[in-house]
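Here's the letter readout for the chains.
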Amino acid sequence: MAQVPSSQALLEKIVSLSKRRGFIFQSSEIYGGLNGCWDFGPLGVEMLRNIKDAWWRAMTGRGGIEGIDASILMHPRVWEASGHVQNFSDPMVDCRECKMRYRVDHLFGEMSEKKLRAISKATTLEGALAKTLNMQSQEVTKEQLAEILLSMIEKSDTLFSELVEKELIGCPNCGRVKTLTPPRNFNLMFETHIGPVKDDSNAVYLRPETAQGIFVNFLNVMQSSRQKVPFGICQIGKSFRNEINTKNFLFRTREFEQMEMQFFCKAGTDEQFFEEWRETRWNWWQSLGMPESKMRFKPHEKLAHYAKAAGDIEFLFPFGFGEIEGIHNRTDFDLTRHTEFSGKSLQVHDEQTKEKYTPYVVETAAGATRGFMALLCNAYEEEQVEGEQRVVMRLSPSIAPIKVAVLPLVNKDGMPEIAQSLEKDLRRSMKSFYDDSGAVGRRYRRMDEIGTPFAVTIDSDTLVDQTVTIRERDSMKQIRIAIAGVRQYLMDKMD
Ligand code: ATP
């Protein structure tokens with residue numbers, strides 16, 4: 001019987017297995033680590049690469065999508081045009097006593113419904129609720145309550161402090177009341193300097209998203225690759241955000257990798273493309289083994305000022321549903337802003353109407369590293385096999401870091417030599433691993449734990465009839481086939 005341990009325990013097990021088996025290490029661990037930064041070990045980097053490759057093939061392989069790799073540092077005006085300098089900030093509060101810092105939206109997001117209702121009673125929120133939603137406050141969900149409370153705090157200079165004074169909000173960490181500061185905006189972009197002198201005139205930012213590298217290259221790509229609207233540009237790369245709350249492993253980190261695609265189309269066709277991309281991306285995650293039962297699509301209740309439609313593909317992490325990819329209809333906002341700020345037209349010519357227009361953009365913004373974590377959590381299972389616990393990562397063969405293990409049953413009678421030669425042959429087509437240490441059952445378990453879908457065992461029968469057993473990770477069933485057919489068999493299975 002398969003078992004999935006409960007939330008916190010599951011996360012701890014995955015973090016520990018990740019370190020032990022070489023998926024993920026804490027950044028600069030020997031110095032005590034660096035918050036919000038993680039390193040991908042030998043298995044982690046293979047799996048991450050498999051995810052990125054699958055995404056890249058899905059994007060560039062469908063036709064009409066070109067790839068780029070823009071630099072991380074960009075002209076500072078880019079971030080003025082995109083709105084990041086002004087708007088890419090979160091309201092933060094600090095606890096004066098224990099020094100913990102919180103994002104105000106997280107503070108409310110994590111509050112119990114009872115607490116939220118108590119706060120709403122003590123403020124003018126009840127009236128605002130009825131007015132805004134035109135319904136009875138009893139019907140309002142917890143999420144809606146938090147959302148409305150937040151927007152009221154954003155609009156008022158004093159509301160948050162009043163709630164603190166009335167002891168309606170305290171510090172979740174130390175439990176003290178009247179210790180939280182008023183909210184202050186905190187920009188999430190990392191700033192650095194170009195050249196030897198450090199002053200405001202040469203400040204640049206580490207990009208907080210890959211999208212802007214695509215917008216500013218829109219014309220370059222269209223002209224050089226002779227594309228016509230509608231077409232897309234995709235990119236995989238690192239992004240940096242000075243996130244405040246970096247708990248939950250790879251979910252929210254300060255340095256992470258994104259896989260973004262911006263699809264340029266004419267206004268009027270944008271809604272259809274939005275729907276198409278939403279479906280395409282939903283199906284892509286499933287093609288990597290993510291079941292529909294652990295996914296949901298959540299439309300944004302509050303749209304960004306530039307967005308016409310937006311929603312998130314979410315995965316059920318051990319701590320609850322969380323976004324893995326955003327699908328946004330960004331209208332012509334980005335290209336219009338870059339036209340304004342750069343003074344360069346980013347319009348295209350409509351061959352039918354002979355008019356110029358600025359394309360709309362439908363964006364699919366996925367997290368490679370956050371997606372990696374989702375796929376790891378999705379795959380982890382524990383089960384009882386013949387009275388023993390088996391930990392198995394049910395990773396789809398396409399993303400598993402090692403595809404096949406080759407094992408000589410014993411270290412004698414020429415078995416290691418046959419196994420080594422087979423492993424060397426398989427290595428040309430897939431990531432394989434040779435292991436001859438310990439009982440074969442233990443070797444299978446080690447492979448199950450890292451998600452290796454197949455194990456080939458060389459035994460005494462191999463010496464007689466040149467056949468081997470192939471054991472399948474999930475069912476643990478074994479079949480016997482000729483050694484000469486192993487490579488083709490695995491390639492077919494992998495397909
Ligand atoms: P969130 O609301 O979780 O902060 P977001 O809406 O700001 O995310 P986007 O700007 O839409 O995220 O980024 C696209 C994707 O990039 C997200 O779906 C997520 O997978 C990934 N991502 C964003 N921020 C982080 C982060 N700090 N760490 C890891 N991945 C991230």
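Starting afresh in each chain, residues are numbered from 1 along the sequence in its written order. Per-residue local features of the predicted model are confined to residues with pLDDT of at least 70, and side-chain atom pairs are confined, for both listing and counting, to 80 or more; whole-chain, interface and lining totals are unaffected and use all residues. Where side-chain values are given, they derive from all heavy atoms of the structure, hydrogens and water being excluded.

On to the sheet that holds strand β17 (residues 360-367), then. Between any two strands, at least two bridges found by DSSP are needed for them to pair. Only runs of H or I of at least four residues qualify as helices and only runs of E of at least two qualify as strands under DSSP, and these elements are numbered from the N terminus. Ordered in space as β4-β10-β11-β17-β14-β13-β12, the seven strands form an open sheet in which the pairing is mixed. The two strands at the open ends of the sheet, each matched to only one other strand, are β4 (65-67) and β12 (295-299). Averaged over all adjacent pairs, the angle separating strand axes in this sheet is 25 degrees, with direction ignored. Summarising the sheet, strand β14 (residues 320-329) and β17 pair through five bridges and their orientation is antiparallel. If you follow G326 over to β17, its bridge partner there is A365. In this analysis, two residues are considered to be in contact whenever any of their non-hydrogen atoms come within 4.5 Å of each other. Interaxial angle, 0 to 180 degrees, is taken between N-to-C directions of lines fitted to C-alpha atoms, where a helix line uses only the stretch in contact. Across the sheet, helix α2 (residues 42-60) lies against β4, β10 (231-240), β11 (255-265) and β17, angled at about 160 degrees from β10, the strand it touches most. Packed on one face of the sheet, helix α11 (residues 218-225) meets β4, β10 and β11 and runs near 135 degrees to β10.

Our next topic: the side chain of Q227. When you line up the elements, Q227 lands in the loop between α11 and β10. Think of a polar contact as two N or O atoms within 3.5 Å of one another; within protein, one of them needs to be a possible hydrogen donor and the other a possible acceptor, and neighboring residues in sequence only count if both atoms come from side chains. Side chain to side chain, Q227 and E66 meet in a polar contact 2.6 Å long. In this structure Q227 touches G64, I65, E66 and M222, once residues within four positions along its chain are discounted.

Residues are counted as near a molecule or strand when any one of their heavy atoms sits within 4 Å of it. Taken together, 16 residues sit near the ligand, with R241, E243, R252, T253 and E323 positioned nearest. A distance of 3.0 Å separates an oxygen atom of the ligand from a polar atom in the backbone of I324. Contacts to the ligand include E325, whose backbone N or O atom sits 3.4 Å from an oxygen atom. Methods summary: accessible areas were calculated by the Shrake-Rupley approach with a probe of 1.4 Å, and residue burial reflects only the protein chains presented. Protein chains bury 84% of the 590 Å² of accessible surface belonging to the ligand in isolation. In terms of residue count, the dominant contributor to the shell around the ligand is β14 (four residues). Of the residues assigned to the shell around the ligand, the class counts are six nonpolar, four polar and six charged. Charged means Asp, Glu, Lys or Arg here, nonpolar means Ala, Val, Leu, Ile, Met, Phe, Trp, Tyr, Cys or Pro, and polar covers whatever is left, Gly included.

So, on to the packing of helix α6 (residues 113-122) against helix α8 (residues 142-155). Here α6 crosses α8 at 40 degrees, and the two axes come no closer than 10 Å. With respect to each other, α6 and α8 are oriented oblique. Seen from above, α6 lies across α8 with left-handed handedness. Residues E113, L116, R117, I119 and S120 of α6 form the contact with α8, whose own contacting residues are K142, L145, A146 and L149. Its residues placed into classes, the contact of α6 with α8 shows five nonpolar, one polar and three charged. Every angle not falling under 35 degrees, over 145, or within 65 to 115 is termed oblique; those three ranges are roughly parallel, roughly antiparallel and roughly perpendicular. Should the near helix be turned anticlockwise from the far one by less than a right angle, the crossing is left-handed, and should it be turned clockwise, the crossing is right-handed.

Moving on to helix α16 (residues 440-449). Only protein chains enter the accessibility calculation, which uses a 1.4 Å probe; a residue is then buried when its area is under 20% of its type maximum, exposed when over 50%, and partly exposed in between. Every buried residue of α16 is accounted for by R443, Y444, M447, D448 and E449. The first or second residue beyond α16 is G451, which carries a positive phi of 85 degrees.

What follows covers the domain arrangement of the protein. In this document the domain limits rely on a domain assignment from an automatic tool or a database. For the protein, the assigned domains are domain 1 (2-86 + 197-378), domain 2 (92-187) and domain 3 (402-494). Here domain 1 and domain 3 have C-alpha centroids that lie 38 Å from each other. Contacts between the two partners involve seven residues from domain 1, matched on the other side by six residues from domain 3. Two parts lose some accessible area (1.4 Å probe) when they are put together, and adding that loss for both gives the buried area. Where domain 1 abuts domain 3, roughly 550 Å² becomes buried across the two surfaces, and 53% of that area is made up of carbon and sulfur atoms. The three residues of domain 1 that bury the most area against domain 3 are R21, L43 and E46, which together make up 63% of that side's buried surface. A pair is scored as a salt bridge if a Lys or Arg side-chain nitrogen falls within 4 Å of a carboxyl oxygen belonging to Asp or Glu. Taken together, the connections running from domain 1 to domain 3 amount to three salt bridges.

On to the packing of aromatic side chains. Under the pairing criterion, centres of Phe, Tyr and Trp rings, with the six-membered ring standing for Trp, must be within 6.5 Å; the plane angle then separates stacked pairs below 30 degrees from edge-to-face pairs above 60, leaving the rest tilted. On inspection of all chains with the given rule, the structure shows 15 aromatic pairs. Where F263 meets F273, the ring centres are 4.7 Å apart and the plane angle is 50 degrees; that geometry is what we call tilted. A residue pair is termed long-range when its members are at least 10 positions apart, and F263 in strand β11 and F273 in helix α12 (residues 270-287) qualify at 10 residues. With a centroid separation of 5.2 Å and 5 degrees between ring planes, the pair formed by F317 and F319 is classed as stacked. Exposure remark for F319: the relative accessible area of 33% places this residue in the partly exposed category. Definition used: whenever NZ (Lys) or CZ (Arg) falls within 6 Å of the ring centre and also within 35 degrees of the ring normal, the charge is taken to sit over that ring. Stacked on the ring of F297, the Lys or Arg R278 has its end atom at 4.5 Å from the ring centre.

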